[in-house]
Amino acid sequence: MEMLLRTKRITICLFFFVLSLAAAIEIPLSVAQLPTITEQSHTQVAYPFDEDFTIKCEARGNPQPTFNWTKDGKPFNLLSDPRIITFNNSGTFVIQNHGIITNFQGKYRCYASNALGTAMSEEIELIVPSVPKFPKEKIEPLDVEHGDSVILHCNPPKGIPPLHIYWMNIDLQHIPQDERVSMSLKGDLYFANVEENDSRSDYCCFAAFPRLRTIVQKMPMTLKVSRFKHANDSGSPNAAVTKANFIKERKPKLLIPPESAGSSSSVTVIKGGVLLLECIAEGLPTPHLSWVKVTGNLPKDKPVTENFGKILKIEQVSAADEGTYQCTASNPVGRAKHEFHVHVEEPPRWIKEPEGGVYSVGTNLVLLCEAIGNPEPTIQWKLNGMPIDSRTFRGRISAREISLTNLQLQDSAVYQCEASNKHGTILASANVNVLNIAPLILTSDGENYATVVGYSAFLHCEIFASPAADIRWTKDDSIEPLSALRYELNKNGTLEIKETKKEDSGSYACWAANSVGKRAITANLDIRDATKIVVTPKNPRVLKSHSILLKCQSEYDSHLKNSFKLSWRKDGDQLPVNSTQDSRIIMDMDTLFISTVTLEDQGVYTCVASTSLDSVAAESRLIVLDVPDPPEDLQLSEHQNRSVRLSWKAGASHNSPVNESIIEYEESQWEPGRWQELTRAPGNDTTALLTLAPYMNYQFRVVSVNAVGRSQPSKPSLRYATPPAAPDKNPENIRVEASEPNEMVMKWEPLKPTERNGPGLEYKVSWRQLGVETDWNEELVKKHSLTLRNTPTFVPYEIKVQAVNNLGAGPEPNVTTGYSGEDTPDAAPSGVSVDIVNSTLVKVFWFGIPRDRVRGHLSGYKVSWWKTKSMLDGKRHHPEKHFLTFVGDRNYGMIPGLEPFSEFRLTVLAYNSKGDGPESSPVVFETPEGVNETREVGPLSDISVANRSTLSWRLSGLSASTKYKFYVKACTAKGCGKPVTEEGLTMAQGSKGIGKISEAVNPTQKFHPIEALDPGTEYTVRLVTKNWVDNNSIFEDVIETRGRAYAGIYDGISTQGWFIGLMCAVALLTLMLLTVCFVRRNKGGKYSVKEKEDLNPDPEAQSIKDEIFGEYSDSDEKPLKGSLRSINGDIKATESADSLVDYGEGEHGMFNEDGSFIGAYSGSKEKGLVESTGSCSTATFPLYA
């Protein structure tokens, strides 16, 4: 420090301040100074219920001041009464409430003095109130006549204001007041004229003093009101009325102000106070009071009248309220007036107060003191509490100014300026301290400061000096003052370093010097890393009832670890810490979790990170999404017969804009209580023109839709009924149904209730026979069908149906053609012939029956055949009929599956929806012998499968396009069981696999999974009708499965235990099913030729049989031998030379509408038809039956 003091004076400083200590800091108590009053009492009331009363006066100064008091301008000795308690080094004293203390009432002033001067307090008034009491007196009753005016005087005792006066009876019921009876401001009760019901003996005046907690009551007063007296005391009704009876009705007379005050009076009011002007008048009838301002207009909204117009009240009086006011009391007899000249005055108030301070030797002093008031206040200067004698005062003195030049130490004093008028006195003091001392640095030496990067640092150097000191700062070992723009020296000597950096750390020195001496202190500054935070996620959007987790990530200086704190705020308000687990909002360290988010949770969430040096905040706005609030205020306008405009106010969208509004309606006539959608309005539209149907009683509601969902429906609108009208449309779907040949039933879809348009709905049905009748037959019906009887069989009719109601008919209906009832065909096909195709297949031809013999819609033809004998042994056979159905109008068909070298008979018949027609004459034909070829059979290879759980086996190294037969048998230690056989055909080289989907698809099904396909492979997908025999498809497309990269996520399923178990169970069930099928296929006797043909089939017949997708069996349920499959279980079909439509279907099969082949064959016995027994496989080829 000594080295710093020896450092040469720096001539160029960064900041050079001449500190005027009068405006800077307080004088340290270590420096000699004048007394200063720091605390004092003001007007004090000594309430009787208080134990003591304290009158305060505190002051500071050096030397310690002593205290003296005056009372009412005379010295007051605090030790003159033992009830006064004093305190050391204090002017405050306490008066104990013992005995009579009224002698303590007065105006006190406190003086604080030391060797340099004397300070004086303002006047302190102590009021010692007496307990208010009404005097005990005997009040004579008042006896008056009806119509007289009366005044009941209260004359309340004196007490501390405020004073409240009440007039009540002995039961504490208020005396009713009105224009006739009212109370004055002084508390007297005035009767403008009395009535008989005013008579009572308990008029009581109560005076309440709230500050004294006292209510006192005046003795009750009696008022007697009598009727008019007659001149004849005898009470004769003919007596004359006295003179008094004629003068009761009179013009108004003012009681307040009294007549003695004259026609005008003067009123003075204090500025800022309340002006109360009062006029009370007597008269009969009761006078009415009114107020005007003679000089100017009454200010608007400022004056009010009270007490039934008898008091004019103006609050916060200003100079503008000064002037002349007039009150007028009037009744039908006359009027009375009085003028009030209002003068606004005010107590003194300061314009300029004298300001003291610290002055150095040789400087000049000017003290100003200026006050205003009405009347003009007088100014008096005092020095140390005593009036200044201008003859001995070395300075200049005037009413508003004191000046001194070349101040010296002995000029230190307390100057007082006192301004007074009749409304009060105000006092202002100025301490003039003339000092000559070296700089005194009040800040401790070696203070350590710290701040964070980017913040400002404040290094304090509080100095007191007189004369003013020069201040400069240096850093580290440098003697040069700090000169960068980031450094700023404040008036109090504090150095501010703006936007601090790490390199600002170091040691700093503050230098202060004046003409008396110099001082210096050092300070150390550390710069820490700033705290950083970020809240994630930023501005999240959350659905209502969902949860959100906000995380506050922070970084802070390691030195500040102990003071680091995190807190959360919502919309600026601190979130209370709640660590309970069942709380919906949980704060845990740096996270804020909100479960079941509500709309009230929406807002700005702020994470505040604070250390001892800095505080930073990061925000995240939580946006809660929800369905819109229901629309409101539904209004109907633009009323038309078939339309109305609906308008509404959209509810809150909850941060997701409304996409559309759904307008629903409910009608009370047909479907009450059922709401249906009518239309939709796009976007934020809040109005829609609604198209309505006639004869409906509507009410509407609106549902708003945003991305979150639908709002609750709005409240329904008012009902709106549309007038009836004729129908706008006719029934649809007109059709003819008949169950009898000579009958026609016309049916149609009835109109919906919303399509009726009016009451009395009926249907006008018109019909005529096509090409025969020209006039229409008509009939009105209420139901939606009409039956005609005795119609010709199957003839065309023109039909039309029109809707009709009480207001008219609908539009002209369309004509529909329908047919009357059908009957079975009455003719058989002719020209039946048979062409032999091979030993098992023939082609049948016939001539169709004429259209008029069909007697209905031709459904098709049935071909029946039966075997009569075998050409091999000449043995006759019992006839077993078989038949095939050929749908549509055709004249040929193919009959497959015949036994070779046999004789057959065949008939053909036509059929329609009513049934079969007569059969044609039987045609006899014979099938040729079959070809018996031997096919080379390869060697039998054995494969042993030791694992009993293995249910499949993959064979490799087989020849392409080769037919194989497989035998599977189960073996135990005792031997092997009966084998199960299956045949299959390998694919040609280079050909792609054909996937087979054996599952049937429900006709209504719109999708079906295709499973177990190889990835990265091209497949042809074909949709066909069940049991088709050709390759025609409803749908066909080529697809390619994804590669292994796409299937990776599914690979893990094959390793799951449950999946392996499920597959094993399926395989076991499949093996059991194959075993049962094998047993059933081998039941019964075998036909030797057929067995040979199974192994060596006829090539010609084989090409045809390969195209038959289905089964054939006779009535003996002989087994089908063998099946042809590819290795992968798919059918290897070959092309046929015959058209597939040549083949018919069995009894339970039908051609579909486009003539495609559907179904399977079935046989017939004498007593009925028996359905054929199906094979286990849906893709079996019958080699021979």
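Owing to the predicted nature of the structure, the values given are computational and were not obtained by experimental measurement.

1. With respect to the state of the cysteines
- Going through the model one piece at a time under the given rule, you end up with 7 disulfides.
- Put simply, Cys552 and Cys607 are joined by a disulfide, and their sulfur atoms are 2.0 Å apart. Taking the torsion about the sulfur-sulfur bond, which here is approximately -85 degrees, the covalent link between Cys552 and Cys607 counts as left-handed. Here Cys552, found in strand E49 (residues 548–555), pairs with Cys607, found in strand E54 (residues 603–610); they are 55 residues apart in sequence, far enough to count as distant. Comparing Cys552 with Cys607 shows no difference in burial state: the two are buried.
- In this model, Cys971 is linked to Cys976 through a disulfide, with the two sulfur atoms separated by 1.9 Å. Of note, the bridge from Cys971 to Cys976 carries an S-S torsion of about 100 degrees and is right-handed in sense.
- Judged by relative accessible area, Cys971 falls into the partly exposed class, the value being 44%.
- For Cys976, a relative accessible area of 45% translates into the label partly exposed.
- Cysteine Cys204 shares no disulfide, and the gap to the nearest cysteine sulfur, in Cys205, comes to 9.0 Å.

2. A few points about the pairing of strand E9 (residues 106–114)
- A large share of E9 lies buried, amounting to 8 of its 9 residues.
- In the sheet, strand E5 (residues 66–71) pairs with E9 via 6 bridges, with the strands oriented antiparallel. When the bridges of E9 are listed, Asn68 appears paired with Tyr111.
- In this structure, E9 lies alongside strand E11 (residues 124–127), joined through 3 bridges in antiparallel fashion. Considered in E11, the bridge of Gly106 is made with Leu126.
- Bridge analysis of E9 against strand E10 (residues 117–120) gives 4 bridges, and the strand direction is antiparallel. Looking at the pairing, Ala112 lines up with Ala119 of E10.
- In this structure, the hairpin formed by E9 and E10 is closed by a connection of 2 residues.

3. Some remarks on the sheet that holds strand E30 (residues 365–368)
- Sheet architecture is open: 3 strands sit in the order E30-E35-E34, paired in antiparallel fashion. Each edge of the open sheet is held by one strand with a lone partner, namely E30 and strand E34 (396–397).
- In this structure, E30 lies alongside strand E35 (residues 401–404), joined through 4 bridges in antiparallel fashion. Opposite Leu367, over in E35, you have Ile402 as the bridge partner.

4. Thoughts on the nonpolar core
- Core analysis: the largest hydrophobic core is formed by 25 residues, its most contacted members being Leu152, Trp167, Leu189, Phe191, Tyr203 and Leu223.
- Among the elements of the structure, strand E13 (150–152), strand E14 (164–168), strand E15 (181–183), strand E16 (189–191), strand E17 (200–209) and strand E19 (221–226) are those that each provide at least two residues to this core.
- Among the elements that make up this core, the one with the highest residue count is E17 (4 residues).
- With sequence-adjacent residues up to four places away left out, Leu223 is seen in contact with Leu142, Val144, Val150, Phe191, Val194, Asp198, Ser199, Arg200 and Tyr203.
- With 22 residues, the next largest nonpolar core counts Ala465, Leu482, Ala523 and Ile527 among its residues.

5. Focus: the pattern of salt bridges
- In total, this model carries 48 salt bridges according to the counting rule given.
- The residue Lys56 makes a salt bridge to Glu39 at a minimum N-O spacing of 3.5 Å. Of the two residues, Lys56 is situated in the loop between strand E3 (52–55) and strand E4 (57–62) and Glu39 in strand E1 (residues 33–40); the sequence distance between them amounts to 17 residues.
- Note on Glu39: relative accessible area 37%, which makes it partly exposed.
- Among the salt bridges present, the one from Lys313 reaches Glu306, with a minimum N-O distance of 3.4 Å.
- Glu306 sits in the partly exposed class, given a relative accessible area of 31%.
- Within this structure, Arg109, Glu123, Lys382 and Glu418 form a network of salt bridges that share partners.

6. Notes on unusual backbone geometry
- Here the amide bond leading from Asn62 into Pro63 is cis, since omega sits at 10 degrees, within 30 degrees of zero.
- Position of Pro63 relative to the elements: it lies in the loop between E4 and E5.
- For Glu638, which is not glycine, the phi dihedral falls at a positive 50 degrees.
- Here Glu638 lies in the loop between strand E56 (632–637) and strand E57 (643–649).
- We classify Glu638 as partly exposed; its relative accessible area is 44%.
- We note that Arg855 has phi near 55 degrees; this positive angle belongs to a residue other than glycine.
- Among the structural elements, Arg855 can be located in the loop between helix H2 (851–854) and strand E73 (858–870).

7. Remarks on the side chain of His654
- As for its placement among the helices and strands, His654 is situated in the loop between E57 and strand E58 (658–667).
- Polar contacts involving the side chain of His654 include one to the side chain of Asp629, which spans 2.8 Å.
- Sequence-distant contacts of His654, defined by excluding residues within four places in its chain, comprise Leu599, Val624, Leu625, Asp626, Val627, Pro628 and Asp629.

8. Overview of the sheet that holds strand E51 (residues 573–574)
- The strand order across the open sheet built from 5 strands is E48-E55-E54-E50-E51, with neighbouring strands paired in mixed fashion. Whereas interior strands pair on both sides, the edge strands pair on one side only; in this sheet they are strand E48 (541–543) and E51.
- As judged from the 3 bridges shared by E48 and strand E55 (residues 615–625), these two strands associate in the parallel manner. For Val542, the partnering residue across the bridge sits in E55 and is Val624.

9. A closer look at the environment of Ala688
- Within the secondary structure layout, Ala688 lies in strand E60 (residues 687–691).
- Sequence separation between Ala688 and Arg645 is 43 residues, and the spatial gap between their C-alpha atoms is 5.7 Å.
- Setting aside residues up to four positions removed in sequence, Ala688 forms contacts with Val644, Arg645, Leu646, Trp648 and Ile663.

10. Notes on the pairing of strand E63 (residues 732–737)
- For E63 and strand E64 (residues 743–749), the ladder comprises 4 bridges, and the chain directions are antiparallel. Bridging from a neighbouring strand, Glu732 pairs with Glu749 of E64.
- Between E63 and E64, which pair antiparallel and follow one another directly, the connecting turn spans 5 residues.

11. So, the environment of Ser949
- Note on placement: Ser949 falls in the loop between strand E78 (923–926) and strand E79 (963–968).
- Residues Ser949 and Ala1067 lie 118 residues apart in sequence; the distance between their C-alpha atoms is 9.5 Å.

Cut-offs and rules
- Residues numbered from 1 in each chain as written.
- Predicted model: local features only at pLDDT ≥ 70, side-chain atom pairs only at ≥ 80, totals over all residues.
- Heavy atoms only, no water.
- Disulfide = S-S within 2.5 Å.
- Helix = DSSP H or I, 4+ residues; strand = E, 2+ residues; numbered from the N terminus.
- Buried < 20%, exposed > 50% of the residue type's maximum accessible area, 1.4 Å probe, protein only.
- Pairing = 2+ DSSP bridges.
- Core = buried A, V, L, I, M, F, W, Y, C linked by side-chain atoms within 4.5 Å.
- Contact = heavy atoms within 4.5 Å.
- Salt bridge = Lys/Arg side-chain N within 4 Å of Asp/Glu carboxyl O.
- Polar contact = N/O pair within 3.5 Å; in protein donor to acceptor, adjacent residues only side chain to side chain.

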